[in-house]
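Each chain, letter by letter, is given below.
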Amino acid sequence: MGAVVEDIIPTKDSAGETIQFPFDEAFQNGLVSLALRDTAFMRRCSHLLYPSHFDDIGNAAAIQIALRHFKRYGCAIDSASLKQALLDAVKDKVIGATDKAQALDAVKRSFMSPIPASKPLEEKLATFAREQAVSNALLSSVDKLNKQDFDGIQKTMRKALDVGANEEGDAYDYFKEIANRTQERKDAIAGVKPPRGITSGILQFDDLLYHRGWGRKEMTVLMAGAKQGKTLAMVNFAANACRGGYNVLYATLEVSARIISERLDSYVTQTNVRDLENNTMDVNNKVEALGKKSGRFMIHEFASGTMTPTMLRNLIDRYRNRGLIFDLVVVDYADIMAPDHRTDNVIENSKEIYVGLRALAFEFDCAILTATQTNREGYKAQTAKAEHVAEDFNKIRTADLVISINSTEEERAQNVARLYFAASRNQESGFTVQIKQNLKKMTFIESILGVE
């Protein structure tokens with residue numbers, strides 16, 4: 001479904017009058033919210049959206065902005081790229097001077113409102129588009145019938161009946177898309193390309209990552225032995241993303257949500273974890289102040305060995321249908337998840353979990369951050385490498401980036417650790433980042449000491 005050309009879905013009827021949605025304001029506002037903010041919706045339905053079908057000028061202009069951004073960057077507009085998208089639309093006269101105020105109102109309304117459940121709106125949109133396409137095909141078939149062009153009639157009707165949401169995955173025309181790739185590179189050089197990476201919170205560390213942060217549609221795995229800082233690292237990176245304005249889902253399978261919150265309180269307020277009770281109101285006030293200018297941070301706890309990739313997908317989808325789209329999903333940690341289809345083969349179970357997690361990153365256009373254990377050799381090694389992953393090397397094959405956490409007893413005594421880029425799909429690996437830590441204040445990276 002979803003293969004269309006521009007003339008299949010009409011924007012004017014046989015009398016030349018503009019065709020508009022027969023649906024109410026709430027429906028049309030909902031489509032605008034989805035178009036601007038939900039990449040999954042745009043993948044399925046961008047080809048069904050025509051600005052002229054909207055009866056509100058502001059909504060029509062907002063849809064133009066959403067379609068333009070999606071065509072150029074392949075994603076919806078997140079909060080980090082919203083300002084630039086609006087500036088570009090005005091500069092390039094995508095929206096006229098007289099429509100500017102209404103367009104801005106529509107965009108503002110969209111980003112302040114909950115995102116509606118997408119499925120009902122998708123179905124109504126697809127039905128409307130198909131009805132218009134079939135009506136248009138019937139009218140055009142009259143002339144073909146007079147010419148006895150039965151093959152033409154069949155092709156026209158087949159295309160019209162095929163109109164619907166795209167369930168076939170994204171098609172990317174390599175040669176036709178060069179103009180968009182070129183523009184994207186120009187935008188990067190000019191410094192106006194919307195940021196796609198989810199910040200680690202440490203600028204110098206972001207600069208070492210291919211996407212200048214955790215990559216959307218990708219899975220990063222932190223690897224270390226038991227009790228060597230995997231959870232602390234994920235808590236810090238999750239908090240930093242949230243402080244950067246991104247929405248975070250933290251699924252914990254080993255440590256309780258309360259303990260995760262304690263570590264967060266210590267880190268974000270820079271209070272010694274043992275002194276939280278003695279500084280109760282100071283911590284309270286700092287956390288409340290931070291919450292007013294940050295993204296959302298939702299924590300869900302599961303018993304070890306119970307959460308499956310499908311359960312996580314359903315959880316993300318429920319939040320999405322309530323208007324909350326996550327930019328970063330942290331799973332603490334994948335080794336103690338359960339496969340959707342458990343077998344007696346440990347390797348197959350592990351492979352299904354990791355492949356399932358990475359699929360979620362792609363499906364929801366988010367970054368996935370999780371962790372894995374090293375084997376015994378890796379635990380003893382001064383630097384854990386890819387071959388030191390526990391149980392299943394498919395973890396390394398599946399992950400887009402694997403970073404091991406390393407420290408000797410001497411380094412731990414000095415609050416120093418090393419992050420080794422053990423494997424990567426998109427960037428160089430095999431280098432080490434030396435970091436300074438402050439474990440009393442639950443700070444995984446206090447500063448970067450060097451890169452070698």
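See the structure above.
Please read all numbers here as calculations on a predicted model, not as lab measurements.

Conventions we followed
- Residues numbered from 1 in each chain as written.
- Predicted model: local features only at pLDDT ≥ 70, side-chain atom pairs only at ≥ 80, totals over all residues.
- Heavy atoms only, no water.
- Patch = residues over 30% accessible without salt bridge, like charges linked within 9 Å, V, L, I, M, F, W, Y side chains within 5 Å.
- Areas by Shrake-Rupley, 256 points an atom, 1.4 Å probe, with all protein chains shown as cover.
- Salt bridge = Lys/Arg side-chain N within 4 Å of Asp/Glu carboxyl O.
- Helix = DSSP H or I, 4+ residues; strand = E, 2+ residues; numbered from the N terminus.
- Buried < 20%, exposed > 50% of the residue type's maximum accessible area, 1.4 Å probe, protein only.
- Disulfide = S-S within 2.5 Å.
- Phe/Tyr/Trp six-rings, centres within 6.5 Å; stacked < 30°, edge-to-face > 60°.

Together, Y172, Y174 and F175 line one region of the surface with nonpolar side chains, adding up to about 430 Å² of accessible area. Its location among the elements puts F175 in the loop between α7 (150-161) and α8 (178-190). Using a relative accessible area of 66% as the deciding quantity, one classes F175 as exposed.

Here the focus is the state of the cysteines. Inspection of the entire model under this criterion finds 0 disulfides. Cysteine C242 shares no disulfide, and the gap to the nearest cysteine sulfur, in C366, comes to 15 Å. Here C366 stays unpaired: no disulfide links it, and the sulfur of C75, its closest cysteine neighbor, is 13 Å away.

The next thing to look at is the packing of aromatic side chains. The tally for this structure, following the rule as stated, stands at 14 aromatic pairs. A ring pair is formed by F205 and F421, whose centres lie 6.0 Å apart and whose planes are at 50 degrees; its orientation type is tilted. Linking F205 in helix α9 (residues 203-206) with F421 in strand β7 (residues 416-424), this pair joins segments that are 216 residues apart in sequence. The pair formed by F205 and F421 is uniform in burial state, with each residue classed as buried. Consider the rings of F237 and F444, whose centres lie 6.1 Å apart with planes at 70 degrees: the pair is edge-to-face. Taken together, the residues F237 in helix α10 (residues 230-243) and F444 in strand β9 (residues 443-451) connect sequence positions 207 residues apart. Of the residues examined, F237 reaches a relative accessible area of 3% and is grouped as buried.

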